[in-house]
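Architecture at a glance
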Amino acid sequence: MKLWLPPFLWLTALLAITTGLPLMEPVFAAWGKPALVYPRESLLLLLKNHLALVLLSGLLAAAVSIAAGIAVTRPWGRDFLPLASRVASIGQTFPPVAVLALAVPAIGFGDGPTLVALFLFGLLPILRNTLAGLDGIDRTITQAATAMGMSPGQVLLRVELPLARRVILAGVRTAVTINIATAAIGSTIGARTLGDPIVAGLVNGNTAYVLQGAVLVGLLALTVESLFEALERQASRSTPCAASA
Amino acid sequence: MRLRRIAVNRVVAGLSLLAIGLFWTLHFGSVQPNRIVPGTAVGAWEGLGAKASLATTAVLLVLLGMALLNFRGRHGWLSGVLTGALAAVPLLLHVFITRHLDHTNAYARIGVGPGVWALLFLLGLMLSETLRQLPRARIGRLLAVAGILCGWAYGASQYDLHALSLVQEYRVRPEQFVTALRHHLMLSLGAVLISLVVAIGLALLVMRRSSWQRPVFGVVSFLQTIPSLALFGLLIAPLSLLSSTFPWLQELGIRGIGWAPAMIALVAYSLLPMLRNTFVALTSVADELLEAGAGMGMSPRQMLLQVRLPLAMPVIIEGVRVTTIQAIGLTAVAALVGAGGFGTFIFQGLGQAAMDLVLLGALPTIVLALFADALFTVMGKLLSPAGDVGVAGMSQ
């Protein structure tokens, strides 16, 4: 139970500020500072949209790159293993902002290109960690599993993936952390995210907007990060100690 | 180890088929009457004409054939053909420009299409695959890079590539480009240097007092979690308050926006990768070596400078590599708080819907990151102590 307390607390703070700030507007007005809260969209909607973009791109990226990671570590796909790890490591040197910016001439403005950029950028850390996790397993363990009469599918599902789970999860965590930050920048290419108040505030010199957006994006990142932290602890509790990474 | 000789290079075969497919389906370039109007996309057949597009396909088919056949020195030949093909890409652009540029319109420009990028990317991947299989991969890599650069330099000097939209965007603002480059380098390299010094100090501190390890790493990874845009934003209010209370800070250029919040945020982000690698590198030197040093009568200071640091160097350099790449990317975001750098072009271009300006900001940022990657990889290899006795390599 103690494990899940930090994410719960961050989430409470995040939701309290998101829903509470607009309600405070009359108080601010009485104080002599009207229009302190970002007016163009409700903060809750921006939060939902931000989270949806990150989750959708994260899930798609995880599905594709874990599948690719499994494929290139099978005997029939091994020829492509150096290529895959090369693409993953070169791709990670591309700055997220540049990928985001390049999505615009290719696809246009809005939520769509942001989703595509987040998906592409999420692929690399997950692929890299899937490869590290699966390729780092001691050969004798898989050989032992085969010798016990397991089929290749069983070896993958019951030996390799459980052993690589922590490393893969760490890759998903990296991808999601980067994508929360990149989605915020996505508001410069027309995605509706919590970056909107920040960008609008920077353009108009309105520090109050900047602060709202920044606090909320920060809280969102901390919530998700502490959630992953708890998940990783949970996973390490239930993983047999043979995990190799 | 598998002893089976692979007859077919399935990677090159697959990639060359993909390249043929993309070459014929993606737009090769676009023709624009001026800067803002979206261009008309033109495919390979119409854009390059029968001769050039068939010749390109023929080269790709030759690659496919060589990938399927097994003969002596195959990967050497493949690398040669691929280097030549990459070096010849400016020729294709030249052919496209001469066929499509409207010389009566001074504002007319040619945009580089997804077909060209796909071709460059796939040829590059194939080249890295074949170079890997050469007996002397390092020399091969040098030769290939030199060949490609020579080809491009020749192309830039011989052909009239001024009509390319990217070149036109550059020619409007050469001084601004140089300033952006300078600001970008100063911000990212400055942040890397500061964080290197701080990280080495923190690592030494944490090594002496192990009870500090948890709080120091806790704070540093907390900073890394905060999204960049948020951290830049959060720094604005306190910094503008500071500079309005202490006017002498303003004279130093420390304001709510500008280079000050950017530099602080960049250093904050750089601390985690730098500290993690420095700490791991300094603490995982083998015990025998430390004992040997102590046995020789070295003082703790000598042990640090003559044993630990040299052995830790490759892993520290790896930390510098990761940090520099990250800082180059984040500096682009810092343009939003007025810090300058290539991000200025990206966000200006997005604001004006001028995609070529976006490219003029995004491409140099990517090139800088790739260059830093290559530079520090080579430096890490050169600085690793002979005999490989030191620290086991640690990736990010």
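Cut-offs and rules
- Residues numbered from 1 in each chain as written.
- Chains lettered and ligands numbered in written order.
- Predicted model: local features only at pLDDT ≥ 70, side-chain atom pairs only at ≥ 80, totals over all residues.
- Heavy atoms only, no water.
- Axes fitted to C-alpha atoms, helices over the stretch in contact; angles between N-to-C directions.
- Helix = DSSP H or I, 4+ residues; strand = E, 2+ residues; numbered from the N terminus.
- Parallel < 35°, antiparallel > 145°, perpendicular 65-115°, else oblique.
- Left-handed = near helix turned anticlockwise from the far one by under 90°.
- Contact = heavy atoms within 4.5 Å.
- Patch = residues over 30% accessible without salt bridge, like charges linked within 9 Å, V, L, I, M, F, W, Y side chains within 5 Å.
- Areas by Shrake-Rupley, 256 points an atom, 1.4 Å probe, with all protein chains shown as cover.
- Salt bridge = Lys/Arg side-chain N within 4 Å of Asp/Glu carboxyl O.
- Lys, Arg positive; Asp, Glu negative; His and termini not counted.
- Charge placed at Lys NZ, Arg CZ, Asp CG, Glu CD.
- Buried < 20%, exposed > 50% of the residue type's maximum accessible area, 1.4 Å probe, protein only.
- Phe/Tyr/Trp six-rings, centres within 6.5 Å; stacked < 30°, edge-to-face > 60°.
- Buried area = accessible area lost by both parts, 1.4 Å probe.
- Polar contact = N/O pair within 3.5 Å; in protein donor to acceptor, adjacent residues only side chain to side chain.
- Pairing = 2+ DSSP bridges.
- pLDDT = per-residue confidence, 0-100.
- Domains from an automatic or database assignment.

Moving on to the packing of helix H10 (residues 228–245) of chain B against helix H14 (residues 300–334) of chain B. Residue and element names in this part refer to chain B. In the contact formed by H10 and H14, the axes pass within 10 Å of each other and the chain directions differ by 55°. As summarised for this structure, H10 and H14 are arranged oblique, according to the angle between their axes. Both H10 and H14 take part in a crossing whose hand is right-handed. Packed against H10, whose contacting residues are Ser228, Leu229 and Phe232, the element H14 presents Leu330, Val333 and Ala334 at the interface.

Another aspect to go through is a positive patch on the surface. On the surface, Arg86 of chain A together with Arg138, Arg141 and Lys381 of chain B cluster together into a positively charged patch. Tracing the backbone through its elements, the reader meets Arg141 of chain B in helix H6 (residues 137–158). Exposure remark for Arg141 of chain B: the relative accessible area of 40% places this residue in the partly exposed category.

Next up on the list: the packing of aromatic side chains. Each aromatic ring pair is summarised here by two numbers: the centre-to-centre distance and the angle between the ring planes. Residues and elements named next belong to chain B. Enumeration over the complete set of coordinates arrives at 11 aromatic pairs over all chains. Aromatic pair Tyr154 and Tyr159: ring centres 6.4 Å apart, planes at 85°, arrangement edge-to-face. Their ring planes at 65° and their centres at 5.5 Å tell us that Phe217 and Phe279 sit as a pair that is edge-to-face. Of this pair, Phe217 sits in helix H9 (residues 213–225) while Phe279 sits in helix H12 (residues 259–283), placing them 62 residues apart in sequence. Accessibility assignment for this pair places Phe217 and Phe279 in one class, buried. One aromatic cluster in this structure is built from Phe23, Trp24, Phe28, Trp45 and Phe96.

A separate point is the interface of chain B and chain A. Counting residues at the interface gives 39 residues for chain B, matched by 42 residues for chain A. When chain B packs against chain A, close to 3500 Å² is buried across both sides, 80% of that on carbon and sulfur atoms. A per-residue breakdown of the area chain B buries against chain A is headed by Arg10, Thr225 and Leu229 of chain B, which together make up 16% of the total. Taken together, the links from chain B to chain A amount to one salt bridge. Across the salt bridge formed by Asp79 of chain A and Arg10 of chain B, the nearest N and O atoms sit 3.1 Å from each other. Viewed at the interface, chain A and chain B are joined by three residue pairs in polar contact (both at pLDDT 80 or more).

This next bit is on the sheet that holds strand E3 (residues 109–112) of chain B. All names here are of chain B. A sheet is described by the order of its strands in space; here three strands give the open sequence E2-E1-E3, paired in antiparallel fashion. What marks the edges here is a single partner per strand, and that holds for strand E2 (40–42) and E3. Pairwise comparison of adjacent strand axes, ignoring direction, gives a mean angle of 30° for this sheet. Here three bridges tie strand E1 (residues 29–32) to E2, and the two strands are oriented antiparallel to one another. Bridge assignment links Gly29 to a residue of E2, and that residue is Val42.

This part takes up the confidence of the model for chain A. Across chain A, the average pLDDT comes to 87, with 95% of residues at 70 or higher. Taken element by element, the predicted model of chain A shows its lowest mean pLDDT in helix H2 (residues 25–30) of chain A (76) and its highest in helix H3 (residues 43–72) of chain A (94).

What follows deals with the domain arrangement of chain B. Residue and element names in this part refer to chain B. Here the domain parsing of chain B yields domain 1 (10–172) and domain 2 (174–383). Its C-alpha centre places domain 1 at a distance of 35 Å from the equivalent point of domain 2. Contact with domain 1, which involves 12 residues of that partner, is made by 10 residues of domain 2. Counting the surface lost from both domain 1 and domain 2, the interface buries some 990 Å², and carbon and sulfur atoms represent 63% of this. Scanning the region where domain 1 abuts domain 2 turns up one salt bridge. Notably, a salt bridge pairs Arg109 with Asp356, separated by 3.3 Å at the nearest N-O pair.

Here we come to a nonpolar patch on the surface. Taken together, Leu68, Leu69, Phe71 and Trp77 of chain B make up a surface patch of nonpolar side chains, about 440 Å² in accessible area. Within the element layout of this structure, Leu68 of chain B appears in helix H2 (residues 44–68).

With that settled, consider the pattern of salt bridges. This structure, assessed with the given rule, holds 14 salt bridges over all chains. If you follow the salt bridges from partner to partner, you end up with Arg173, Glu225, Glu229, Glu232 and Arg233 of chain A in one network.

Moving on: the side chain of Thr225 of chain B. Tracing the sequence through the fold places Thr225 of chain B in helix H9. Note on Thr225 of chain B: relative accessible area 7%, which makes it buried. A polar contact of 2.8 Å, which involves the side chain of Thr225 of chain B, links it to the backbone oxygen of Ser221 of chain B. If sequence neighbours within four positions are ignored, Thr225 of chain B has contacts with Thr177, Ala221, Leu222 and Glu225 of chain A.

What follows deals with the pairing of E1 of chain B. Residues and elements named next belong to chain B. Burial of the side chains of E1 extends over both faces: Gly29 and Val31 are buried on one face and Ser30 and Gln32 on the other. As judged from the four bridges shared by E1 and E3, these two strands associate in the antiparallel manner. The partner of Ser30 across the bridge, within E3, is Gly111.

What follows deals with the environment of His75 of chain B. Residues and elements named next belong to chain B. Within the secondary structure, His75 is located in helix H3 (residues 74–87). His75 gets classed as buried once you look at its relative accessible area, which sits at 13%. Along the sequence, His75 and Ala19 sit 56 residues apart, while their C-alpha atoms lie 19 Å from each other. Setting aside anything within four residues of it in sequence, one finds His75 in contact with Asn9, Thr130, Gln133 and Leu134.

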